Amino acid sequence: CPPARALVTFNDSHDRIFVNGSFGVSGDSNIFANSDNEGDLVYSSGFTLEYTRRAGWIGVNAGMSAGASWFGKHKSQNFSNPSYNLEFTKQSGRTTGAFTLSGARESRADAAVNLRSTSWNYNAGLNVKYPAGNYTFSGNLGYSSRKYVDETFFANLSTYNAALDVFRILPSERELIGGYRYRYSETSRNSSSTDHALNVGVSGKLIRGVIGSLRGGLQTRIPRGGLPGEGKYSSWTASGSSHYAVSKKINLSGSISKDYSTTATSSSVDVISASVSTAYAFNSRWALSGSAGWGDTRFLGEGGRIVLAAGPPPVLGPFRHDNYANWNVALSYSLNEHFKSSFSYGWFQNWSTLSYADFVRSSWGLNLSSRW
């Protein structure tokens, strides 16, 4: 695709400003992600302002956006969500890396607690790469915070993480990877957890024609201040993504992830997910895409028969085990670089040992967007 022309260009084309606008309408059969199956028609609009600078060693990417949605029947769920992002990046010279900041207000249906939630999400990160002969050293530091508007039912979460990786360049267009990750999380309910993970993997050409990265290893979570009797949890961990170009018009991609995480009610969960997607370009204007996924969520802890949060819905400890499957298809049309449209349909089903969390969710959406 040719590079898009910015609405405003100055400083000898080193600085550019883009403006994006969108409007959409969608139908959602289950807006709360639970067995009540309450559906609605949703109208949405969005506006984004982007700024890029490419001059000297440091590049800048920045953006601000505002989005709003209106529900046909459930007016109390209407929302307006602003967001921002700022990135300083260095991609030339011996040492490369980026410093990022972002913040966003998010409204969503959370399948782990089977309610809609609204939160402010803040992130900060620093990543650096340094080559030394056949080796490359990579490190990153990060912070994230999720603060819920409703702090009565939901638990705020703050997470700090650090990681160090070593890449060994191989002559066969591959790199071997070995690394360690540390993560500390704390919630507003006086509970916390510490995660340690060791992993190894490969990056580059996985097999003939397949490009990507795949990592696996062992991880340990040590919770504190939660339910009585909680101990240390250990399991395997994995992350990976790949891409395969079948032809100039067809491509395939896949991803896998397994990791510990913390739900909106401060419960520890062990989550594994996998997905595959494909896209076919009929021509320069029309394209068809589709994806399918599967996931497994195992709730940890000694909660068992104890209700962790007053309902509805009750959120139980171990003995709650969820699985989900989903798929979606989308048809998109690009008139030119300034106008695009798409129509999509998606299906999601969740199976759970908690009857309230057994649900099916289907949705369709029509979206129109313009970029200048």
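Further up the page is the structure itself.
The structure presented is a predicted model; accordingly, all values stated were derived computationally and were not measured.

The rules behind these values
- Residues numbered from 1 in each chain as written.
- Predicted model: local features only at pLDDT ≥ 70, side-chain atom pairs only at ≥ 80, totals over all residues.
- Heavy atoms only, no water.
- Pairing = 2+ DSSP bridges.
- Helix = DSSP H or I, 4+ residues; strand = E, 2+ residues; numbered from the N terminus.
- Buried < 20%, exposed > 50% of the residue type's maximum accessible area, 1.4 Å probe, protein only.
- Polar contact = N/O pair within 3.5 Å; in protein donor to acceptor, adjacent residues only side chain to side chain.
- Salt bridge = Lys/Arg side-chain N within 4 Å of Asp/Glu carboxyl O.
- Contact = heavy atoms within 4.5 Å.

Some points on the pairing of strand 6 (residues 96-110)
Sheet analysis places strand 5 (residues 79-90) next to strand 6, joined by eight bridges and oriented antiparallel. Across the sheet, L86 pairs through a bridge with L101, a residue of strand 6. Between strand 5 and strand 6, which pair antiparallel in sequence order, lie five residues; one of them, G93, sits at a positive phi of approximately 90°. Hairpin connection of strand 6 to strand 7 (residues 115-132): four residues between the antiparallel strands, including N114 at a positive phi of 60°.

Focus: the side chain of T194
Along the chain, T194 falls in strand 11 (residues 192-207). Look at T194 and you get buried, because its relative accessible area is 8%. At 2.9 Å, the side chain of T194 forms a polar contact with the side chain of R224.

A word on the pattern of salt bridges
Where charged atoms of side chains with opposite charge meet at close range, the side chains can pair. Per the counting criterion, the structure on display carries 14 salt bridges. Among the ionic pairs, R108 bridges to E106, the shortest N-O distance being 4.0 Å. Connected through salt bridges with shared partners, the residues R181, R183, D195, R221 and D259 form a single ionic network.

Thoughts on the side chain of T263
When you line up the elements, T263 lands in the loop between strand 14 (250-262) and strand 15 (268-281). Excluding residues that lie within four positions of it along the chain, T263 makes contacts with A112, V269 and F299.

A short note on the pairing of strand 15
As judged from the 13 bridges shared by strand 14 and strand 15, these two strands associate in the antiparallel manner. Within strand 15, the residue paired with S257 across the bridge is S273. Remark: five residues form the turn of the hairpin made by strand 14 and strand 15, two consecutive strands paired antiparallel; S266 in that turn has positive phi of roughly 70°. For strand 15 and strand 16 (residues 286-299), the ladder comprises 13 bridges, and the chain directions are antiparallel.

The values are spatial; any link to function lies outside them.
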